[in-house]
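Architecture and fold: a report
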Amino acid sequence: MIRINIALMILATAWTATAAEHERPRTEAALIEPPTVVQPRRAPREEPDADKNAAEPAKMSTTEAAASGALSPFSVAPGVPHAATGLALGGYDGAAKTFRARGAVEGRLVNFLAARVEYELGPANGPSDRLSLGLRAKFLNQAAYGVDLGVLAFYQPRDFRQEGDVVVGLLLARRFDRLMLVLNPLVGSDPEGDDRSVELRLAGLYNARSWLVVGLDSRGRYNLSTDQKRSGHSLLDWEAQAGASAAFGVGPLLFSTLLGPTILQRTQLGLDGSAGEHQVRAGVLAMAGAGASF
């Protein structure tokens, strides 16, 4: 009996030790190894498309468009609009003693090219109302080359006795923080080459407030003509206008004003084509109008 009890005790002790050995690894593993956490997979980061950004200019407010030279009375900056811009001005020219009006509308064709239409009413060698149809392209930008550079080509279908003129020019601009300077040298000629003109447009624009752009805008034009068909007519030898400009942004619209001196010289041609008396007149140019940028 005693032997049986001893044997049972030995078996119980062995069973307890075996159970403890099997339980220990799981308990220690549970204490040492943290539970596995499944991390969610992150979506791949989308890199900006540089080509898309370059082909699609950032949309500007109307005031920003005016500060970049897109809505000036005379000068034209090289930048291509986001979609389209338009400006119309009208007022009195004291030198010509008549009403003068100017308007321009342009639209983006591709990222570097825009179509432009200009209309002008006032003294000239041909009809008092003139339409210009053309294209302009931007080739250099200030970030890469230190200056914005573009070219402009116009066709003016109505000159003297319906003769057309072709006008080409450079568009130069440079920004200094809030200040933008714009320079446009232009040359024009009819197909025969006996009616030519040179023109210079110069502007300085300062973005004073988020709703205000002030500056100076000017234009000078000199005409050369040896066309005998002008005999007996008044020839506009040269003209120049300059003025202080102010553009006020109100929502999607821009209200623009220009006030400054104007001067011109006329020559009355005789029936034989000889030049008569030169008449120089000076006065004040006052214009106002509205524009928009899309």
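Since this is a predicted model, take the numbers as computed values, not measurements.

1. Let's talk about the overall build of the chain
On a plain count of helices and strands, the chain comes out with four helices and 12 strands. In the chain, which comprises 294 residues, the share counted as buried stands at 37%. Expressed as a percentage of contacts within the chain between residues at least 6 apart in sequence, the contacts between residues at least 24 apart total 52%. When the accessible surface of the chain is totalled, it reaches about 16,900 Å², and 64% of it is carbon and sulfur.

2. Here we look at the nonpolar core
Core analysis: the largest hydrophobic core is formed by 19 residues, its most contacted members being Ala66, Leu71, Val182 and Val213. Where this core is concerned, the elements lending two or more residues are α3 (62–67), β1 (84–93), β7 (179–189), β8 (195–209), β11 (253–269) and β12 (275–293). A total of three residues in this core trace back to one element, the largest contributor, which is α3. In contact with alanine 66, other than residues within four places in its own chain, are Leu71, Leu205, Val213, Ala247 and Leu254.

3. Thoughts on unusual backbone geometry
Look at lysine 97: it is not a glycine, yet its phi comes out positive at around 55°. Among the structural elements, lysine 97 can be located in the loop between β1 and β2 (98–110). In this structure lysine 97 comes out as exposed when scored by relative accessible area, which is 58%. In this model, aspartate 177 sits at a positive phi of 60°, which is unusual for a non-glycine residue. In this fold, aspartate 177 is placed in the loop between β6 (165–176) and β7. Note on aspartate 177: relative accessible area 68%, which makes it exposed.

4. Focus: the packing of aromatic side chains
Applying the stated criterion across every chain yields a total of one aromatic pair. Seen from their ring centres, tryptophan 211 and phenylalanine 248 are 6.5 Å apart, and the 20° between their planes marks the pair as stacked. With tryptophan 211 in the loop between β8 and β9 (212–225) and phenylalanine 248 in strand β10 (residues 234–250), this pair connects stretches of sequence that are 37 residues apart. Here arginine 174 stacks its cationic end above the ring of phenylalanine 176, 4.8 Å away from the centre of that ring.

5. Some remarks on the environment of glycine 251
Mapped onto the elements of the fold, glycine 251 is located in the loop between β10 and β11. Between the C-alpha atoms of glycine 251 and threonine 62, which are 189 residues apart in sequence, the distance is 7.7 Å.

6. Examining a nonpolar patch on the surface
Taken together, Leu109, Val110, Phe112, Leu135, Phe139, Val151 and Leu170 make up a surface patch of nonpolar side chains, about 600 Å² in accessible area. When residues of the nonpolar patch are traced back to their parent elements, those giving at least two are β2 and β4 (129–140). For phenylalanine 112, the position within the fold is in the loop between β2 and β3 (113–121).

7. So, the pattern of salt bridges
One pass over the full model with this rule turns up 16 salt bridges. Taking the shortest distance from any N to any O, the salt bridge between arginine 102 and glutamate 118 comes out at 3.8 Å. Taken together, the positions of arginine 102 in strand β2 and glutamate 118 in strand β3 put the pair 16 residues apart, joining distant regions of the chain. Residue classification places glutamate 118 among the buried residues on the basis of a relative accessible area of 6%. When the shortest N-O distance is used, the salt bridge between arginine 219 and glutamate 199 registers 3.9 Å. Of this pair, arginine 219 sits in strand β9 while glutamate 199 is found in strand β8, placing the two residues 20 residues apart along the sequence. Each member of the pair, arginine 219 together with glutamate 199, is buried.

The rules behind each value
Residues numbered from 1 in each chain as written. Predicted model: local features only at pLDDT ≥ 70, side-chain atom pairs only at ≥ 80, totals over all residues. Heavy atoms only, no water. Helix = DSSP H or I, 4+ residues; strand = E, 2+ residues; numbered from the N terminus. Buried < 20%, exposed > 50% of the residue type's maximum accessible area, 1.4 Å probe, protein only. Contact = heavy atoms within 4.5 Å. Areas by Shrake-Rupley, 256 points an atom, 1.4 Å probe, with all protein chains shown as cover. Core = buried A, V, L, I, M, F, W, Y, C linked by side-chain atoms within 4.5 Å. Phe/Tyr/Trp six-rings, centres within 6.5 Å; stacked < 30°, edge-to-face > 60°. Lys NZ or Arg CZ within 6 Å of the ring centre and 35° of its normal. Patch = residues over 30% accessible without salt bridge, like charges linked within 9 Å, V, L, I, M, F, W, Y side chains within 5 Å. Salt bridge = Lys/Arg side-chain N within 4 Å of Asp/Glu carboxyl O.

Note that every value here comes from positions in space, so none of it alone points to a role or purpose.
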